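# Structural characterization, general
Below are the chains, spelled out letter by letter.
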Amino acid sequence: MEVASVSNEEQDLFGAVDALLEQVAQDPLPAPAERKRLREAAGLSQDQIAKVLKARREAVGNWEAGRTDPRPPKRAAYARLLEGLAARYPAGSTVPSDAEAAEASAPDIVEASPLAADPAIEPEPPTAPDTAPQSILPQPAKTAVPPRRWASTTKPSMSRRPAVKKATAKPATAPVVFDPRFENGPLAVVEVEDGQVSAYCVGGLVLDVPAKSIPALVDWTLSEAKLGAPRLNRSGKDADPLIVLTEAACERYGLPVRLSQEERLSGRLPVGHKVLKQLERANWQLTRRGFGPWARIYRPAQGGKRNCVQLCIPSWDALDTRNWNDAAQLPAPELARLLGTYANRVMTPRGSTAVTGLELMTTLHPPTRASEPDETGKRHSEHNPGSLGIHAVECAPCEAPDGHPLLAHLPRFHQRTPDEVLVEEAYDWARTLTDDECLKRYLVGIDVNMAFAAAANGTIVGLGAPVYVTSPVFDPKMPGSWLVDLSHVEMDERLPSPFTPKGNRPQGPAWYATPTVAYAVELGHSVAPIEAYLRPENGRFLDGWYNRLRDAYVATMADLGVTADLSPAGFLSAMDGYRQRDPQLAIVLSAVKATVKGGIGKLRERPRGGGWRPGEPWPALKRPTWRPDIRAAVISKARINMHRKMLKHAAATGQYPVAILSDCAVYASDGPGPLDFLPYKDGKPLPGGFRLGVSPGMVKHEGTQTTLWAESVREEHGQELNLARYIKDGNVTATDNGE
């Protein structure tokens, strides 16, 4: 076919015309929810799009939320991007994952679980390729709810209970992921009322449940309920459906409403229980966790379909009140809304918030992917670059917690010194008030939003095993543990040392994570490491984890009336009583924050349960995600971030904190609010200092007490009392012992 040529002059003219059209034309854009769907379908982050379009990430978020639209010339470029993504990822299109492609073409490859051998984090049940189509269509909750339907072959009752209306009265305002395969949402709460068994789904939908037993309930869930959630990464797997059983449902299906003391200690039903026998007769299997508060029931995959259902039993303490408040006591429709919001914004819960936080890391960055086709056209499972892989790696001796097998040679009751053990923890520091501070009327606490999540963002962490090096040259981009003497670094005594959790000045060589040593260099001090355990294989493994949890946090705060576009005064006003605006979403917010802290903490899970002795391995050590070095790096960076802001604040204002606890700092102030001591000029914060706002890394008002209160409680409980621990409500319930 002959193609007509175009002269250079014509090309220039066409280019000029196109540029002019871009300036005057308003390029059509899809609906805001569709913009987000297309980005997520392509596996792109808001940061990536912002970088390409030379915009801020917050601007991309506003475009996707429908709050604003891009202006020319960014509008034309954004429209072009979305048009291209729409061509590749149309609604209802089939996008097989890398893992599915590998399994479909190489069924003889068995993928090892990245979370094996942990009693709290179970390995994935055996699976086979899932070739069902994936269509991700985020819509506002009020429009994304599918029509009322009945996932049962039995004739439905035509009367619906009033509780359904209660559930639909307060929909979450953030977009909800919708997939035809999982049109009824990620989970359902099974309730029994007046003899009728019903499954309450996200959005107010109610399904009749014909199942008469737990095995039948599992069968119904997989065959008729259309529950589950699409994968969060191209190389990952879809989330299994979650069934939550109320107390009445437990009674209906032959389960105890409460576990006995012995059952609680073991964390499961005893062998021989009638429900376990029913499952065995029906050829259903349980993971090593057994039938406990978070039971996983599965069969080996058949016909290319996963056969696995997660159960959650709130009356067995599945929903820890420290993270979920009174969620277990909510009516079924409200509990479905609460858990469904968390599932859509974070992921379908797989256990405690700590377990879910850890699993989210590998869900967003799976350990394996599909290879390129070999000479026969088959794909195979291979290591996914940038992931933690499928095999556990040994930690460095200095990174090992007490009782670790690497320390079995140490004498009993040996107390390791700073040059033997890496201690990177959050701040717990306080000092006496100066005379000038005592003259101020108030003590005001400010708290860093999602401090550990903010610290995880952009942090380079080790992906492989450590390499021992002597007399290394310090490299701030090399993750690892460094033995270095920082005792020569002097700081103002009104500030804690940035190098120790208690704020004490180092007394000699000690082990530090890379962010801590890098900060010493940033402050202008020389460092000469004596030895180090370095990880040449490294990457920004936690970036996707941070992005997911940041978006969940910001979206939930927006639903509670606290948005990112507020002025400092407007932000403080919006924060006043924000939890009371929607108590259920306030619980979701607490769970999101607990997912961050719990996920980081579980990277160094300690032995649990009886029978373990120091020097013996425990199950968590077999996980690729048992990584105390990553935990240390994140906490180190969070502490350094805090110190950097305090140092900037002190240099600009002459004000110093009187107490710090993790992500909360307390300052003496003439007024009762943060704006009474935080320096804002023309509405702009101090560069590099504390900034009021909703995003992770910004600060909010934690609480205010009077200086007289501080003098009183310290007189009663001791001058070393950390005031930051009690600044929120002023109640000192016990003598401060630092725990």
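Look up a bit, the structure's there.
Quick summary incoming for the structure in this document.

Reading guide: rules and limits
Residues numbered from 1 in each chain as written. Predicted model: local features only at pLDDT ≥ 70, side-chain atom pairs only at ≥ 80, totals over all residues. Heavy atoms only, no water. Helix = DSSP H or I, 4+ residues; strand = E, 2+ residues; numbered from the N terminus. Buried < 20%, exposed > 50% of the residue type's maximum accessible area, 1.4 Å probe, protein only. Contact = heavy atoms within 4.5 Å. Phe/Tyr/Trp six-rings, centres within 6.5 Å; stacked < 30°, edge-to-face > 60°. Lys NZ or Arg CZ within 6 Å of the ring centre and 35° of its normal. Pairing = 2+ DSSP bridges. Axes fitted to C-alpha atoms, helices over the stretch in contact; angles between N-to-C directions. Parallel < 35°, antiparallel > 145°, perpendicular 65-115°, else oblique. Nonpolar A, V, L, I, M, F, W, Y, C, P; charged D, E, K, R; others polar.

### What to know about the overall build of the chain
Secondary structure assignment for the chain yields 23 helices and 22 strands. Residue burial in the chain is summarised as follows: out of 739 residues, 52% are buried. Within the chain, counting contacts between residues at least 6 apart in sequence, those at least 24 apart form 72% of the total.

### Things to note about the environment of Gly480
By secondary structure assignment, the location of Gly480 is in strand S14 (residues 480-485). Of the residues examined, Gly480 reaches a relative accessible area of 14% and is grouped as buried. Along the sequence, Gly480 and Pro466 sit 14 residues apart, while their C-alpha atoms lie 7.4 Å from each other.

### Things to note about the packing of aromatic side chains
Throughout the structure, instances matching the rule amount to 11 aromatic pairs. The ring of Trp284 has Arg299 lying over it, and the distance from NZ or CZ to the ring centre is 3.8 Å.

### Things to note about the sheet that holds strand S15 (residues 509-513)
On the basis of which strands lie adjacent, the open sheet formed by 4 strands has the order S13-S16-S14-S15 and antiparallel pairing. The sheet terminates laterally at strand S13 (467-470) and S15, the two strands that pair on one side only. The mean inter-strand angle of the sheet, taken between neighbouring strand axes irrespective of direction, is 20°. Looking at chain direction, S13 and strand S16 (residues 531-534) are connected through 4 bridges and run antiparallel. Residue pairing in the sheet places Val467 in a bridge with Leu534 of S16. Helix H18 (residues 514-522) rests against S14 and S15 of the sheet, and its axis sits at about 110° to S15.

### Structural notes on the packing of H18 against helix H22 (residues 628-653)
Where H18 contacts H22, the two axes come as close as 8 Å, and the packing angle between them is 30°. Taken together, the axes of H18 and H22 lie roughly parallel to each other. For the pair formed by H18 and H22, the contact residues are Pro515, Thr516, Tyr519 and Glu522 on the first element and Ala633, Ser636, Lys637, Arg639, Ile640, His643, Arg644 and Leu647 on the second. Taken together, the residues of the contact of H18 with H22 sort by class into 5 nonpolar, 3 polar and 4 charged.

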